[in-house]
Amino acid sequence: MAFEQYKIVHVTHRYLPGLGGTERLLAGLANRQAAAGHRVTVIAPSTLSDLSLPPAPAGALPAKEKIGQVCVRRFQVAGLPGGPAGYNALRRLLRTISDLPVEQTPALSQALLLIAIRISRLTPSSPDLDSVLSDTIRDADAVHFMNICYEGFGWRALAVARQRRLPFVCTPLIHLGESANSVVRRYYTMRQQIALCRQADHILAATYLESDYLASVGIDQPKITVAGVAIEPDQPAGDGGRFRQRHGLADGPIVVYVGPYQQDKGVYTLVEAAGKLNSAGRSANLVLVGQSNQRFASWLNQKSFARAGWLRLLGQVDDQEKADALAAGSVLALPSRTDSFGLVVLEGWHAGLPAVVARAGGLPAVVEDGVDGLVVEYGNADQLAFALDRLLSDPTLAGRLAANGRQKLAERYNWELVYPKVQAVFDRLVKERRSRR
């Protein structure tokens, strides 16, 4: 639907130059809205570090700047007493409140919701977010919030949007975990998080699994659009030979992982699976691309993997180095339970790699087992090792799955399909608002 230009404000927990999936997804949307003539502003924290950590020094990122055609406003975040331990304690308290069986007592349920909303604003807190929101939203036509894990930001954005009588759109990116009882799901579907989704005028879901879950908790299906996810068509061309030479990997297949080195991402299980393969005589290199941490480094030492000749820890790299790693790879592995979609799967397909993923989160909605990848149980190193061995020992199977994945990428996960669905939601809501004025 063609519509006149207007101002859109996006609120999120991290934006460019961050390298995560949320940052890239929002940048793809914001850039296209700006290219269509809309005035687009992204409001995000002034740090790219973990928001449970003490805040970065003031001025780490500009308070105001323009990235491409998109205006960026940044707000400060404040640390909590006890640092990450204090942050995690508050999140556990929120989960405990959410688990209380009070649905049959409406007054108590509402009181606990208000308490949870107030607490969520501390994880993390911000001394200037409200003023940044008020200043930026005062001439806006629509407000969009992304990533329900930081619902405190969302509630503050919603409050300002309601004051201005603006439509509020939410992209929750819910992590459903590996089962209904998953601890991951419990942290992404808390009382105050679902309430925020209910308050939204419209929800953009990444997959049908996320949409089905939202409908199961009472959110009307007409208020949900399965928008999907896309990657930029101009991904850097990778040079696999250059990557192998640079990292001393002249021979043998390469399994590539892209993401933070966290247990919930399945990277511990992946290292164990690669160890099993190499111990059984299947020579396979494992390349890990992403942010490391001390806990993972300690675990590697305890398990005697730290000096394994088949393991390469690249840490955070730029887009070209990541493209080179994927070009050199034989298989992409993402055995995670904390992905609402798994954007890196699309990048792997673009590079011509078959994918092995966990049956968790949104990944089973993206990868069809035996058609364009293999799906294994989360946390099962034996299953993961077997799946990797199948692909490494059967080039015909690996090639067929990779080709099917690349075809799915072209047919479903491109911005030419995703952007019109998303923008139609904004156009309709802004039109309805203006018709009421």
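What you are looking at is a predicted structure, and each value in this text was computed from that prediction instead of being measured. (Residues numbered from 1 in each chain as written. Predicted model: local features only at pLDDT ≥ 70, side-chain atom pairs only at ≥ 80, totals over all residues. Heavy atoms only, no water.)

Enquirer: Any details on the packing of helix α15 (residues 381-393) against helix α16 (residues 395-412)? Residues and values, ideally.
Expert: Between two packed helices, what matters for the description is the angle formed by their axes and the separation of those axes. Two elements in contact, α15 and α16, have axes separated by 5 Å at closest approach and are oriented at 100°. Viewed along their axes, α15 and α16 adopt a mutual orientation that is roughly perpendicular. Two secondary-structure elements touch here, α15 through Arg-390, Leu-391 and Ser-393 and α16 through Pro-395, Leu-397, Ala-398 and Leu-401. In terms of residue class, the contact of α15 with α16 is made up of 5 nonpolar, 1 polar and 1 charged. (Axes fitted to C-alpha atoms, helices over the stretch in contact; angles between N-to-C directions. Helix = DSSP H or I, 4+ residues; strand = E, 2+ residues; numbered from the N terminus. Parallel < 35°, antiparallel > 145°, perpendicular 65-115°, else oblique. Contact = heavy atoms within 4.5 Å. Nonpolar A, V, L, I, M, F, W, Y, C, P; charged D, E, K, R; others polar.)

Enquirer: How would you summarise the packing of aromatic side chains if you had to cite specific residues and measurements?
Expert: Each aromatic ring pair is characterised by the separation of its centres together with the angle its planes make. In this structure the tally under the stated criterion is 9 aromatic pairs. For the ring pair Phe-75 and Phe-153, a centre distance of 5.1 Å and an interplane angle of 80° mean the geometry is edge-to-face. Taken together, the residues span a long stretch of sequence, with Phe-75 in strand β4 (residues 70-75) and Phe-153 in helix α5 (residues 151-163) at a distance of 78 residues. On the basis of relative accessibility, which here comes to 1%, the residue Phe-153 falls in the buried class. A ring pair is formed by Phe-341 and Tyr-413, whose centres lie 5.2 Å apart and whose planes are at 80°; its orientation type is edge-to-face. With a gap of 72 residues between them, Phe-341 in the loop between β12 (331-334) and α13 (343-350) and Tyr-413 in the loop between α16 and α17 (415-436) connect regions that are remote in the sequence. On the basis of relative accessibility, which here comes to 4%, the residue Phe-341 falls in the buried class. What links up through ring pairs into an aromatic cluster is the set Tyr-261, Tyr-268, Phe-296, Trp-299, Phe-305 and Trp-310. (Phe/Tyr/Trp six-rings, centres within 6.5 Å; stacked < 30°, edge-to-face > 60°. Buried < 20%, exposed > 50% of the residue type's maximum accessible area, 1.4 Å probe, protein only.)

Enquirer: Before we move on, can you summarise the pattern of salt bridges with the specific residues and values?
Expert: Side-chain pairs of opposite charge can arise where the charged atoms are in close proximity. What the rule picks out here adds up to 27 salt bridges. Linking Arg-156 and Asp-130 is a salt bridge whose minimum nitrogen-to-oxygen distance equals 3.0 Å. With Arg-156 in helix α5 and Asp-130 in helix α4 (residues 129-137), this pair connects stretches of sequence that are 26 residues apart. Note on Arg-156: relative accessible area 7%, which makes it buried. Using a relative accessible area of 36% as the deciding quantity, one classes Asp-130 as partly exposed. When the shortest N-O distance is used, the salt bridge between Glu-321 and Arg-246 registers 2.4 Å. (Salt bridge = Lys/Arg side-chain N within 4 Å of Asp/Glu carboxyl O.)

Enquirer: Report on helix α7 (residues 191-199), specifying residues and quantitative values.
Expert: Along α7, 7 of the 9 residues are buried, which leaves the element largely enclosed by surrounding structure. Along α7, the residues classified as buried are Arg-191, Gln-192, Gln-193, Ile-194, Ala-195, Leu-196 and Cys-197.

Enquirer: Go over unusual backbone geometry with me, naming the residues and quoting the values.
Expert: Cis geometry is adopted by the peptide bond preceding Pro-17, which originates at Leu-16 and carries an omega value of 10°. Its place among the elements puts Pro-17 in the loop between β1 (7-11) and α1 (21-35). With omega at -5°, the peptide bond leading from Thr-123 into Pro-124 counts as cis. Examined against the element boundaries, Pro-124 turns out to sit in the loop between α3 (106-120) and α4. At Leu-173, a position not held by glycine, the phi torsion is positive, near 55°. Among the secondary structure elements, Leu-173 is positioned in the loop between β6 (168-171) and α6 (183-188). Residue classification places Leu-173 among the buried positions, given a relative accessible area of 8%. With phi around 65°, Ser-304 is a residue other than glycine that occupies positive phi space. On the secondary structure map, Ser-304 appears in the loop between α11 (294-302) and β11 (311-315). Ser-304 sits in the exposed class, given a relative accessible area of 60%.

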